[in-house]
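Overview (structure and organization)
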Amino acid sequence: MPAYKLVALDLDGTLLTDDKAISAENRAAILEATDRGVTVAFSTGRGIQNALPYVEELGLKSPIVTVNGSEVWKSPGVLHERHLLDRGLLRKLHELAVQYDTWFWAYSVGDIYNKDRWASEAEIEENEWLKFGYYVENTEVLAAIRKEIESWDLLEITNSHPFNMELNPKGISKASGLEQVCGMLGITMKEVIAMGDSLNDVAMIRAAGLGVAMGNAQEEVKKLADRVTVTNEEHGVAKIIREFVLG
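Criteria and thresholds
- Residues numbered from 1 in each chain as written.
- Predicted model: local features only at pLDDT ≥ 70, side-chain atom pairs only at ≥ 80, totals over all residues.
- Heavy atoms only, no water.
- Pairing = 2+ DSSP bridges.
- Helix = DSSP H or I, 4+ residues; strand = E, 2+ residues; numbered from the N terminus.
- Axes fitted to C-alpha atoms, helices over the stretch in contact; angles between N-to-C directions.
- Contact = heavy atoms within 4.5 Å.
- Buried < 20%, exposed > 50% of the residue type's maximum accessible area, 1.4 Å probe, protein only.
- Arc of directions from axis to C-beta.
- Salt bridge = Lys/Arg side-chain N within 4 Å of Asp/Glu carboxyl O.

1. Quick look at the sheet that holds strand E3 (residues 64-66)
Taking strand neighbours across the sheet as the criterion, the three strands line up as E3-E4-E5 in an open arrangement whose pairing is antiparallel. The sheet is open, and its two borders are formed by E3 and strand E5 (78-82), each paired with just one other strand. Averaged over all adjacent pairs, the angle separating strand axes in this sheet is 25 degrees, with direction ignored. Across three bridges, E3 lies against strand E4 (residues 71-75) in antiparallel orientation. In the strand pairing of E4, Val 65 is matched with Val 72. Sitting on the sheet, helix H3 (residues 48-58) is in contact with E3 and E4, with an inclination near 145 degrees to E3. Running at roughly 25 degrees to E4, helix H7 (residues 174-185) makes contact with E3, E4 and E5 of the sheet.

2. Section: H3
Think of an α-helix as turning once every 3.6 residues; residues three or four places apart then point the same way. Within H3, the full set of buried residues consists of Ile 48, Ala 51, Tyr 54, Val 55 and Leu 58. The buried residues of H3 occupy one face: seen down the axis, they fall within an arc of 125 degrees. Considering only its buried residues, H3 is in contact with helix H1 (11-15), helix H2 (24-35), strand E2 (39-42), E3 and E4. Looking at the residues trailing H3, positive phi occurs at Gly 59, about 70 degrees.

3. With respect to the pattern of salt bridges
Under the criterion given, the structure shown has 18 salt bridges. Of the charged contacts in the structure, one is a salt bridge between Glu 150 and Arg 146, with a shortest N-O distance of 2.9 Å. Of the two residues, Glu 150 and Arg 146 both sit in helix H6 (residues 139-152), four residues apart, roughly one turn of that helix. For Lys 222, the salt bridge identified is with Glu 219, shortest N-O distance 3.5 Å. Separated by three residues within a single helix, Lys 222 and Glu 219 lie in helix H9 (residues 219-224), roughly one turn from each other. You can call Lys 222 partly exposed: its relative accessible area is 21%.

4. Details of the sheet that holds strand E8 (residues 129-135)
The sheet built from five strands is open, its strands ordered E7-E6-E8-E10-E9 with antiparallel pairing. Each edge of the open sheet carries a strand with a single partner, namely strand E7 (111-114) and strand E9 (155-158). Neighbour to neighbour, the strand axes of the sheet diverge by 20 degrees on average, direction disregarded. Summarising the sheet, strand E6 (residues 103-108) and E7 pair through four bridges and their orientation is antiparallel. Bridge pairing in E7 places Tyr 107 opposite Ile 112.

Right under this line is the structure:
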């Protein structure tokens, strides 16, 4: 069995239970892995502000991939690189959201805007933008928005839930973020275990030495993974760490 040196974890639907907590089982397995010198790092669609509480809860000092790879952190509070969303594209994405009357949100550096609190034209210019997202339960509307965005061929299109769509700069993904992390750690992607449940996890699951889909993952993610574990409610992260890292 290869010696895995990095365990990259998605947060929502993967490490976290449905009520957004880290189970005692997952916590114990992660701390045991880090005690053995294995790096455990989060690779999430969340912005740093929404990921840090879990980093702090576990006392991790490892790199972090946030906003689906638009930001890579050398360690908590130390930015390694950032990839920005073009403001013109941001405006076009917002226009589509208004046209189709969907819920939407966008991460800027240091803030989150959404349908209830959208940025003024001055704020659009002042801010640096990282990611835009839609949420709509009408699959026809979601497909229509996707078709329009695909026609531009300028953005990375993923999701973190079957009813949402997330847009990042072209070529930016959790995999591109993890490649940066591997560079910092002096390891290769073959030495990585990557775990997730949604389309924004596919790139890293396919690029990792061991790509793991959660039992609750979207079917497409399961098909592309090397291994399917139990669900986020059944401590799937702990199960994989115990099997492949702690032995």
